[in-house]
Amino acid sequence: MIPEIGYKIFLTMNTLLLWWWEVDNELDKLACTVLTISVPTLLLLWYKWITYSRKHIPPFPPGPYGLPVVGYLPFLGSNLHERFTEMAHRYGPIFSLRLGRKLHVVVNSIDLVKVVTRDLDQTMANRSPPLTALTISYGGNGVVWSNSNTHWRNMRKILATQLLSNTNLKDCQGFRTYEVRRLVKEVYSKLGTKININEIAFKTEVDVVTSILWGCSKSGEGNDSSSIGGGFREVEFKIVKLLGAPNISDFLPVVSRFDLQGRQREMQRQLEYVDRIFQSIIQGRIETNSRKNEGEAEEDRRKDFVQILLELMEQKDGSISLDIIKIKALLMDIVLAATDTTSTMVEWVISEILNNPGVMRKVQDELTDVIGMNVVQESHLPKLTYLDAVIKETFRVHTPVPLLVHRYPDESCTVGGYTIPKGTIVYMNVWAIHRDPKIWTNPLEFMPERFLIDKWDYNGNNFKFLPFGSGRRICPGIPLGEKMLMYILASLLHSFDWRLPEDEEFELSDEFGIVTKKRKPLIAIPSQRQSDASLYF
Ligand code: HEM
């Protein structure tokens, strides 16, 4: 049977060959010869090229297998930063995992973070906002979730020159002093009672930030007529939780319109709450401005950020294109980025100080030396080097944004010898770097002294220590964040002794989110530390 089939194939080939060479003139014969030689040669070359390039395109980073359709999603668990660190021990400093349809890559070493944020900073500068982030950022119209484009550059420029410049921060010193003094006064009125540290720090930070943003809408220092309101902390906590929670709609776009977990709807509700506040501030300001234009007497006051943005919006030279949506998106970014991070850090620092009596003693000794029997002022802050080291050590151990905000390459690239295809979500696990025993001695021990040796800052140039990120997407709010942390902590620790309530369990575990917080809120009891009661008013 088989020889018969072989014979038939041979006959067919023979017939085809005879037909191929059946030509009448010399020119056709030449064409046949050229084709007979060139087609197999080209095929051979093409085959060689494919096998060569397959061998020379680096592979994807190693990683676990997942299930069809959902990938590794069901196995992730909740504390992503810890899970990713465990996986790095297994798969190496760079690994990949498929979540639904999307490839995710996690980078866990200083060398590779340097590649992402320095060598490939431009390629990796985009974001791919989750759907909840798109909702809360008015469609990615702010800074945090915007791609690296002209709009993003303009927004960062406005932040750097109009909001966070040295001059503006200096001009706003009065707001900070007022709110921090108010905090001390409030705690003084509650001596001996249980206080939720995050709650009081959050309120102070929100009041400072909103004063800088729209202070001129407040009818005077201390008058809360345009305050963002008591319910805002709960709303912000929900927003931050939703931003960090995995959403099936992001991983399986085919089901996204059903919003199976209800996360986009929940975020929409939070947006509506905050939007009502922004709308009333902006609308009120537009009306005030138009009354001024009609000749109403103008007070000689510094311009707040909302006023600056509205004036930029009116500029017709086309250098910056702003509209009300973009203004609201920028306000949202600032309020969200500045407040929860700062209050979370105040809570972690005081927790670590309470957990380490030796550290508490040294902090208080320094405060006594530098400030003595006076009210804490911003001019004291640069002299508090030990407190500064305590804050940095807390950033290392309890990194509040442990995976930074992910990057999203706009073209395929190579990191650590592996291919990262265009459109991969890239996380930088700075939490793992901050606890890497190859980099830090006794990394799990709280030792502020390590930050007294050498010069450390938050500018993302020392890749061992990146609590604010690095590269072009580094946090622009460092000057304000750093100042507020020092000021609130110095004031709370100089004015009061703190102790833990006996009936409350104290522990230091965390709960993952885009801002990773203390799992159990810190409750502490203040007592008066300064004999002079006038220091509290
Ligand atoms: C303790 C306080 C703060 C911490 C720990 C913190 C941390 C961070 C981190 C880790 C990032 C992401 C960086 C990256 O992706 O590489 C970030 C981005 C950002 N932060 Fe902060 N931040 C703080 C305070 C502030 C303040 C006070 C502001 C504004 C007034 C602010 C505004 C922003 C903005 C707008 C971005 C997005 C930058 C971009 O995508 O280009 N942050 N922050």
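Keep in mind that what you see is a predicted model, and the values were worked out from it rather than measured.

**Points about the sheet that holds strand β2 (residues 102-107)**
Read from one edge of the open sheet, 3 strands run β1-β2-β6, paired in mixed fashion. Among the strands making up the open sheet, the edge pair consists of β1 (94-99) and β6 (425-428). Mean inter-strand twist for the sheet, computed between neighbouring axes without regard to direction, equals 25°. Across 6 bridges, β1 lies against β2 in antiparallel orientation.

**Things to note about the sheet that holds strand β3 (residues 195-196)**
With antiparallel pairing, 3 strands are arranged side by side in an open sheet as β3-β10-β7. Two strands lie at the open edges of the sheet, namely β3 and β7 (496-499), each paired on one side alone. As judged from the 4 bridges shared by β7 and strand β10 (residues 523-528), these two strands associate in the antiparallel manner. Among the inter-strand pairings, Asp497 is bridged to a residue of β10, identified as Ser527.

**Observations regarding the UniProt feature "binding site: heme" (unreviewed entry) in the protein**
Per the UniProt entry, the sites bearing "binding site: heme" (unreviewed entry) are Cys475 in this numbering. For Cys475, the location among the structural elements is in the loop between α17 (430-434) and α18 (478-495). When neighbours within four sequence positions are excluded, Cys475 is seen to be in contact with Phe468 and Gly469.

**So, the site of the ligand**
Surveying the vicinity of the ligand reveals 25 residues, the closest of which are Ala338, Gly469, Cys475, Gly477 and Gly481. Secondary-structure elements contributing two or more residues to the shell around the ligand are α14 (324-355) and α18. Top contributing element to the shell around the ligand by residue count: α14, with 7 residues. A per-class count over the shell around the ligand returns 17 nonpolar, 5 polar and 3 charged.

**What about helix α16 (residues 385-397)?**
With 13 residues, α16 ought to run about 18 Å at 1.5 Å a step, and its terminal C-alpha atoms sit 19 Å apart, in line with that. Among the residues of α16, those classed as buried are Tyr386, Leu387, Asp388, Ala389, Val390, Ile391, Glu393, Thr394, Phe395, Arg396 and Val397. Buried residues along α16 sit in contact with α14, α15 (357-371), α17 and α18.

**Focus: unusual backbone geometry**
A positive phi angle is found at Val69, which is not glycine, with a value near 70°. Inspection of the secondary structure assignment puts Val69 in the loop between α2 (26-56) and α3 (80-91). On the neighbour-count criterion, Val69 (11 C-beta atoms within 10 Å) is exposed.

**Topic: the nonpolar core**
Nonpolar side chains tend to gather and get buried jointly when the protein is soluble and globular. Among the nonpolar cores identified, the biggest contains 119 residues, and Val107, Val116, Val346, Val349, Val390, Ile488 and Leu489 are the most heavily contacted of them. Of all the elements, α14 adds the most residues to this core, at 16 residues. The contact partners of Val390, leaving out residues within four places of it in the chain, are Val349, Ile353, Val359, Val363 and Pro448.

**Thoughts on the domain arrangement of the protein**
For the protein, the assigned domains are domain 1 (2-56) and domain 2 (73-536). A straight line from the C-alpha centre of domain 1 to that of domain 2 covers 67 Å.

**Thoughts on the packing of α14 against α18**
Close contact between α14 and α18 brings their axes to 10 Å; oriented N to C, the two are set at 40°. Looking at the two axes, α14 sits oblique to α18. Note that α14 runs across α18; the crossing there is right-handed. Packed against α14, whose contacting residues are Ala338, Thr341, Thr342, Met345, Val346 and Val349, the element α18 presents Leu480, Gly481, Met484, Leu485, Ile488 and Leu489 at the interface. Partitioning the contact of α14 with α18 into residue classes produces 9 nonpolar, 3 polar and no charged.

Rules used throughout
Each chain carries its own residue numbering, running from 1 in the written order of its sequence. Local features in a predicted model are, by the rule used here, given only for residues with pLDDT of at least 70; side-chain atom pairs are given and counted only at 80 or more, and totals for whole chains, interfaces and linings are based on all residues. Criterion used throughout: strands pair if DSSP finds at least two bridges between them. For helices the rule is a DSSP run of H or I covering at least 4 residues; for strands it is a run of E covering at least 2, with both sets numbered from the N terminus onward. To get an axis, fit a line to the C-alpha atoms, keeping to the stretch in contact for a helix; angles then go from 0 to 180 degrees between the N-to-C directions. UniProt positions are given in the numbering used here, feature names are shortened, and annotations may be inferred rather than shown by experiment. Any residue pair is listed as a contact if its two C-beta atoms, each placed from the backbone, are within 7 Å. A molecule or strand has a residue near it when that residue's C-beta atom, placed from backbone coordinates, lies within 6 Å of it. Charged means Asp, Glu, Lys or Arg here, nonpolar means Ala, Val, Leu, Ile, Met, Phe, Trp, Tyr, Cys or Pro, and polar covers whatever is left, Gly included. An expected span of 1.5 Å times one less than the residue number is assigned to each helix. Buried residues are those with 20 or more other C-beta atoms within 10 Å of their own C-beta, exposed residues have 12 or fewer, and partly exposed residues lie in between; C-beta atoms are placed from the backbone. Put simply, a nonpolar core is buried Ala, Val, Leu, Ile, Met, Phe, Trp, Tyr and Cys residues tied into one set by C-beta atoms within 7 Å. For the domain bounds, the source is a domain assignment made automatically or taken from a database. Here is the rule for angles: anything less than 35 degrees is roughly parallel, anything more than 145 is roughly antiparallel, 65 through 115 is roughly perpendicular, and the remaining ranges are oblique. In this scheme, a crossing is called left-handed if the near helix is turned counterclockwise away from the far one by less than a right angle; it is called right-handed if the turn is clockwise.

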